[in-house]
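# Results of the structural survey
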Amino acid sequence: MCSSHHAHQWILCPQCDLMTQLPVLLPGSKASCPRCHTTLHSSWVEPLRRPAGYALAALFMLLLANLFPFVNMRVAGLSSEISMMQIPQVMVSEDYSSLATLFMLFVQGVPAFCMIAILLLVSPLKLPLPLKRGMTRILMQLRSWGMAEIFLAGVLVSFVKLMAYGDIGIGSSFIPWCLFCVLQLRAFQCIERRVLWQRVAPLPALPARPVAGISGLRQGMRSCSCCTAVLASDRLVCPRCGSHGHARRKHSLQWTLALLLTSILLYIPANLMPIMITEALGNKMGSTIMAGVILLWSDGSYPVALVIFIASIMVPSLKMLAIGWLCWDVKGDSRHHHDSERMHKIYEMVEFVGRWSMIDVFVIAVLSALVRMGRLMSIYPATGALLFAMVVILTMFAAITFDPRLTWDRVKDKSTEESFSDGQ
Ligand SMILES: [Zn+2]
Ligand SMILES: [Zn+2]
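Right, let's walk through the structure included here. Note that this is a predicted model, so its numbers are computed, not measured.

With that settled, consider the overall build of the protein. From N to C terminus, the protein includes 14 helices and 12 strands. For the protein, the C-alpha radius of gyration of 24 Å lies close to 22 Å, the compact-globule estimate for 424 residues. Overall size of the protein, expressed as C-alpha extent along the three principal axes, is 80 × 50 × 35 Å. Relative to its full complement of 424 residues, the protein shows a buried share of 52%. Roughly 19,400 Å² of accessible area belongs to the protein as shown, and the carbon and sulfur atoms make up 66% of that amount. Distance from the positive charge centre (36 side chains) to the negative charge centre (24 side chains) of the protein: 8 Å.

We now examine the coordination of the zinc ion (ligand 2). Expected angles at a metal are 109.5 degrees for tetrahedral coordination by four donors and either 90 or 180 degrees for octahedral coordination by six donors. Coordination of the zinc ion (ligand 2) by the protein is provided by Cys224 (SG), Cys227 (SG), Cys238 (SG) and Cys241 (SG), with metal-donor distances spanning 2.2 to 2.3 Å. Taken in chain order, the donor set of the zinc ion (ligand 2) reads C-x2-C-x10-C-x2-C. One end of the pair, cysteine 227, is in the loop between strand 8 (221–223) and strand 9 (230–232); the other, cysteine 241, is in the loop between strand 9 and helix 8 (252–272), and 14 residues separate them in sequence.

It is worth spelling out unusual backbone geometry at this point. Notably, histidine 251 is not glycine yet its phi reads approximately 50°, a positive angle. Within the secondary structure, histidine 251 sits in the loop between strand 9 and helix 8. In this structure, leucine 281 is a non-glycine residue whose phi angle is positive, near 50°. Inspection of the secondary structure puts leucine 281 in the loop between strand 10 (276–280) and strand 11 (283–287). Since its relative accessible area comes to 65%, leucine 281 is described here as exposed.

Within the largest apolar cluster, 118 residues are counted, with the highest numbers of intra-cluster contacts made by Phe103, Phe151, Trp177 and Met358. Per-element tally for this core: the top contributor is helix 3 (residues 97–122), with 14 residues. Setting aside residues no more than four positions away along its own chain, tryptophan 177 makes contact with Leu62, Ala65, Phe70, Met84, Val107, Gln108, Ala148, Phe151 and Leu152. Counting residues in hydrophobic clusters, the runner-up holds 12 residues, among them Cys13, Cys16, Leu18 and Leu22.

The next subject is the coordination of the zinc ion (ligand 1). Every protein donor of the zinc ion (ligand 1) is accounted for by Cys13 (SG), Cys16 (SG), Cys33 (SG) and Cys36 (SG), and the metal-donor separations fall at 2.2 to 2.3 Å. Coordination at the zinc ion (ligand 1) is tetrahedral, judged from the 4 donor atoms that bind it and the angles of 101 to 114° they form at the metal. Within one chain, the residues donating to the zinc ion (ligand 1) are spaced in sequence as C-x2-C-x16-C-x2-C. Of this pair, cysteine 13 sits in the loop between strand 1 (10–12) and strand 2 (19–21) while cysteine 33 sits in the loop between strand 3 (30–32) and strand 4 (39–42), and the two are 20 residues apart along the sequence. One exposure class covers both cysteine 13 and cysteine 33, and it is buried.

Two numbers describe how helix 3 lies on helix 13 (residues 383–401): the axes approach to 10 Å, and their chain directions differ by 40°. Classified by the angle their axes make, helix 3 and helix 13 are oblique. The element helix 3 and its partner helix 13 pack so that their crossing is left-handed. Here Ser98, Leu99, Leu102 and Phe106 of helix 3 lie close against helix 13, whose contacting residues are Ala385, Leu386, Ala389 and Ile393. Taken together, the residues of the contact of helix 3 with helix 13 break down into 7 nonpolar, 1 polar and no charged.

This next bit is on the packing of aromatic side chains. Enumeration according to the criterion identifies 11 aromatic pairs in this entry. Arranged with centres 5.2 Å apart and planes meeting at 80°, the rings of phenylalanine 103 and phenylalanine 151 form a pair that is edge-to-face. A residue pair is termed long-range when its members are at least 10 positions apart, and phenylalanine 103 in helix 3 and phenylalanine 151 in helix 5 (residues 148–162) qualify at 48 residues. When its relative accessible area of 0% is taken as the criterion, phenylalanine 151 is described as buried. Their ring planes at 90° and their centres at 5.7 Å tell us that phenylalanine 151 and tryptophan 177 sit as a pair that is edge-to-face. One end of the pair, phenylalanine 151, is in helix 5; the other, tryptophan 177, is in helix 6 (residues 174–189), and 26 residues separate them in sequence. Ring pairing ties together the aromatic residues Phe70, Phe103, Phe151, Phe159, Phe174, Trp177, Phe180 and Phe362, which thus form one cluster.

Cut-off values and rules
- Residues numbered from 1 in each chain as written.
- Chains lettered and ligands numbered in written order.
- Predicted model: local features only at pLDDT ≥ 70, side-chain atom pairs only at ≥ 80, totals over all residues.
- Heavy atoms only, no water.
- Helix = DSSP H or I, 4+ residues; strand = E, 2+ residues; numbered from the N terminus.
- Rg over C-alpha atoms; globule rule 2.2 N^0.38 Å.
- Buried < 20%, exposed > 50% of the residue type's maximum accessible area, 1.4 Å probe, protein only.
- Areas by Shrake-Rupley, 256 points an atom, 1.4 Å probe, with all protein chains shown as cover.
- Lys, Arg positive; Asp, Glu negative; His and termini not counted.
- Charge placed at Lys NZ, Arg CZ, Asp CG, Glu CD.
- Donors = N, O, S within 2.8 Å, 3.2 Å for Na, K, Ca; no water.
- Core = buried A, V, L, I, M, F, W, Y, C linked by side-chain atoms within 4.5 Å.
- Contact = heavy atoms within 4.5 Å.
- Tetrahedral: all angles 85-135°; square planar, octahedral: opposite > 155°, others 65-115°.
- Axes fitted to C-alpha atoms, helices over the stretch in contact; angles between N-to-C directions.
- Parallel < 35°, antiparallel > 145°, perpendicular 65-115°, else oblique.
- Left-handed = near helix turned anticlockwise from the far one by under 90°.
- Nonpolar A, V, L, I, M, F, W, Y, C, P; charged D, E, K, R; others polar.
- Phe/Tyr/Trp six-rings, centres within 6.5 Å; stacked < 30°, edge-to-face > 60°.

Remember that the coordinates give geometry; whether it matters functionally is a separate question.
See the structure below:
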């Protein structure tokens, strides 16, 4: 049957490199990889109008969130009120421009860019091809770097931290910000990579007749990491999206290990040095991450103390261990199917939870912007916060540079049954 070999039906799993033929999907269902169960493609009702609607609404909420006061605090007759824009301004005035830049990029810049890109890409506008290509590529790469919802969690944690000292109130911008977080998450969720790329350019022709159930590497094909096109292994530049690539990421292990080592080296001072300085009635006191957790615990805020402990101490250390283990395991020679499956679960967990470690950095951003009551009580960021932010960013890069297909390459191919799971 010739029709069953059209390019748009074939896909190489980005996680385990298994060649699979996509079934015709009903709207609202998804196809996952029969070997590692990664979602390969989801089919949405109204695949263009829905993301456009969410993105437009999100941008409107972002505008509202920047116009009005965000949160306020009253302590002993003194009151302080901040807007979203004042948070980075305060950090700049404290000589923490680097933290302010990270804050602006992750919390506002990246999500705003992504929403505008989604809106333009799904609109019927005739954009020049290089612009469309470039925007789709950047959108796909920036996906995990938007941290609006993590910042919101940081705001809630700072509320709990400050409740003991004064009255906390929310401004008119707070609710729009919450809505912005939800809407941008929904917009990302229902944007489908393959649909978006199909609008940029059609899939290139298949290099050969693919065989289902065998890895791409063994039949001389590779998946384009950017647009999911199936290409010949020796084709270095993808004709559809123009991105460079190899059958396996070049020097993947070396890069991952280098980034991992750097983050471990920074993690030690990040934990020993103060992340913020509290000035109360003329006394200056620095506090480390662990000291913050202990203080919250002794104040009786057990759930928040646990959240910060898990996000700032457990997750980064477990993530470093997991990445190290993945690198070590790839070098090993265990060939069992379930081993690779276990490693795959670890990899997914590491990629998903890593960014949430940023929560403590955002807590410091909110605290230092809001608590400025002169000598009565003021909070300033300290070097530890910057080091910790670097650790989170480096471990995120370490997870990105790791090629998950390496863990599956050791598994002997066997004809995997063509089973697809349906339903949302
Ligand atoms: Zn797979
Ligand atoms: Zn491509």
